[in-house]
Amino acid sequence: MEQKDDFLKEVISHAKEYGFVFPSSEIYDGLAATYDYGQLGAELKNNIKNYWWTSMVQMNENIVGLDAAIFMHPTTWKASGHVDAFNDPLIDNKDSKKRYRADVLIEEHIEKIRQKIDKEVEKGKKRFAEGFDETQFRATNPNVLRNATKITEIEDRMRETLENNDLEGVKKLIEDLEIACPVSGSKNWTEVRQFNLMFSTEMGSVAGDASTIYLRPETAQGIFVNFLNVQKSGRMKIPFGIAQIGKAFRNEIIARQFIFRMREFEQMEMQFFVRPGEEMKWYDYWKEYRLKWHKALGLGDENYRFHDHIKLAHYANAAADIEFNFPMGFKELEGIHSRTDYDLKQHEQFSGKKLQYFDPELNQNYVPYVIETSIGLDRMFLAILSASLKKEVLEDGSDRTVLKLPAALAPYKVAVMPLTKKDGLPEKARAIIDDLKFDYNCQYDEKDSPGKRYRRQDAIGTPYCVMVDHQTLEDDTVTVRDIDTMEQIRVKVSELNGVIRERVSMKTLLG
Ligand code: GAP
């Protein structure tokens, strides 16, 4: 655990040192759970957005984009259920005065039991070596079975208490499991209370309820209220999707773990409108499509897993998370939800406007069902940054810190360097950049030894370094160094653009 904490600290410090992420308003000691993206962070973030948008909108004829306002009519949030039900159950430890989400405490307890099962399986693997059958082992080993039953029992109790808003029951479960505060170690808990996560503010100069508006806690509702606008103006036929990237705000009880859980964050969401009754087919389709999108980045297939929700949100009839192996362990990265016709029907009821689709093939009007894919951009950023940050020992015994980013997402695609600051080499290097800069983000670097300059580019994930030397002036070739292999090849300047494109284009990931 300690090792994992240390690694997260390394990621945070690397992010700050190289201009990826800074604490917000740091000169005033920062603001809890709020971060600013620096010069490289902004580039990486834009590239992640582009990767998502290309795969979701550009590559799907039946998905279009939207950019709705953050402020929405307050009734939106009454209709969506957020005013009444967007709550987290919170509990305080009386000794440490620390506040926790009650359901998270229980889930962390379950995770510990799961780790015990994994350890037992590892032991079995070692004991039986070649002849080990994991499925059979999990189905028969008494320790595994006992722990698996424990998990089911806890999950059932948690679901029942949360679904029935039985807050006393939630507290009793925490007590029965003897969960202690990670800070004080004590089991001296307050009652469990519900806490609404929406930020509210006043619009205009008139005080009172009528002017209370909310900062949107999800981008999805901007899509729902525009469903007919987009369908009609875009002549969209079901099944079709509307995608959006934008800010969302939640007054999280516990906001920690860097940019994993923030109070202001960005979401990339897509609502896919389908015929009622066909939602499960599309739910499975989008689960698979989204997992493939993640795996295409090459961060390691073993770092992803699905987690089916125990407690379904008030709008869903099926839901799963894609979890990623963050420095803190496996945690939710993306949600895929079958939201039924709940949202559109609620908006019909509260607005008094019909939000229906006429299906020419069925010759019938209906309120479509919705499959949603929803991913936090900042979490995706953390997943990529943490999985890419490596320390390597080189052949000569020295080490390097290298950010092995998927090349298409790298802030700079190429660094161009003159070997020396004289003999016309800087001018030649600048001329190469002038040619490449329309297609790629380039960096010019002439300071320090080539070795130091390579290390700097390693640390920010630049896939290619181009060295301009005296031979360049004779035969118009340059040395191109690959970040991963550190191998160098000689390439004609006229072929440089093509060499870079092959590695950094979105097609390499999505093709
Ligand atoms: N529209 C559905 C929705 O908002 P969610 O599971 O609450 O569902 C979707 O959020 C995704 O948004 C999460 O999987 C996560 O990646 C991201 N997210 C949610 N809360 C966040 C927070 N406080 N900070 C950063 N990302 C967050």
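Residues numbered from 1 in each chain as written. Predicted model: local features only at pLDDT ≥ 70, side-chain atom pairs only at ≥ 80, totals over all residues. Heavy atoms only, no water.

Peer 1: Can you explain the environment of Ala429? Please cite residues and give values.
Peer 2: Topologically, Ala429 is positioned in helix H14 (residues 425-436). A residue is classified by how much of its surface remains accessible, and Ala429, at 0% relative accessible area, is buried. Excluding residues within four positions of it along the chain, Ala429 makes contact with Val416, Pro418, Tyr444 and Val468. (Helix = DSSP H or I, 4+ residues; strand = E, 2+ residues; numbered from the N terminus. Buried < 20%, exposed > 50% of the residue type's maximum accessible area, 1.4 Å probe, protein only. Contact = heavy atoms within 4.5 Å.)

Peer 1: Explain the layout of surface pockets to me, using residue names and the numbers behind them.
Peer 2: Considering only enclosed or pocket space, the second largest pocket measures out at about 290 Å³ in volume. As for the second largest pocket, its lining consists of 17 residues, and the residues nearest its centre are Asn303, Ser386, Ala387, Ser388 and Lys390. Along the lines of polarity and charge, the residues of the lining of the second largest pocket split into nine nonpolar, five polar and three charged. Taken domain by domain, the lining of the second largest pocket gets at least three of its residues from each of domain 1 (46-72 + 198-386) and domain 3 (399-510). (1 Å grid on protein atoms, 1.4 Å probe; cavity = no way out; pocket = protein on both sides within 12 Å on 5 of 7 lines; lining within 4 Å. Points joined across faces, edges and corners; volume = space filled by probe spheres on them. Nonpolar A, V, L, I, M, F, W, Y, C, P; charged D, E, K, R; others polar. Domains from an automatic or database assignment.)

Peer 1: Tell me what's going on with the packing of helix H5 (residues 102-128) against helix H8 (residues 167-176), and back it up with residues and numbers.
Peer 2: The interhelical angle for the contact between H5 and H8, taken along N-to-C directions, is 35°, at an axis separation of 10 Å. Seen along the crossing, H5 lies across H8 with a hand that is left-handed. Counting all contacts with H5, which are made through Ala102, Leu105 and Ile106, the residues of H8 involved are Val170, Leu173 and Ile174. Partitioned by chemical class, the residues of the contact of H5 with H8 number six nonpolar, no polar and no charged. (Axes fitted to C-alpha atoms, helices over the stretch in contact; angles between N-to-C directions. Left-handed = near helix turned anticlockwise from the far one by under 90°.)

Peer 1: Residue-level account of empty space enclosed by the protein, with values.
Peer 2: Overall, the coordinates contain one cavity of 30 Å³ or more when judged by the stated rule. Here the largest cavity defines a volume of roughly 40 Å³. Considering the residues around the largest cavity, the lining is formed by Tyr100, Arg101, Val104, Leu105, Glu108, Ile254 and Arg256. Secondary-structure elements contributing two or more residues to the lining of the largest cavity are strand E5 (99-101) and H5. Broken down by element, the residue count for the lining of the largest cavity peaks at three residues, all from H5. A per-class count over the lining of the largest cavity returns four nonpolar, no polar and three charged.

Peer 1: I'd love a proper account of unusual backbone geometry, names of residues and values included.
Peer 2: Between Ile238 and Pro239 the backbone carries a cis peptide bond, its omega angle lying at 5°. With respect to the helices and strands, Pro239 occurs in the loop between helix H10 (227-233) and strand E9 (240-249). In the Ramachandran plot, Glu178 falls in the positive-phi region, its phi being about 55° despite a non-glycine side chain. Note on placement: Glu178 falls in the loop between H8 and strand E6 (193-196). Positive phi is not limited to glycine here, since Arg235 has a value of about 45°. Considering the arrangement of structural elements, one finds Arg235 in the loop between H10 and E9.

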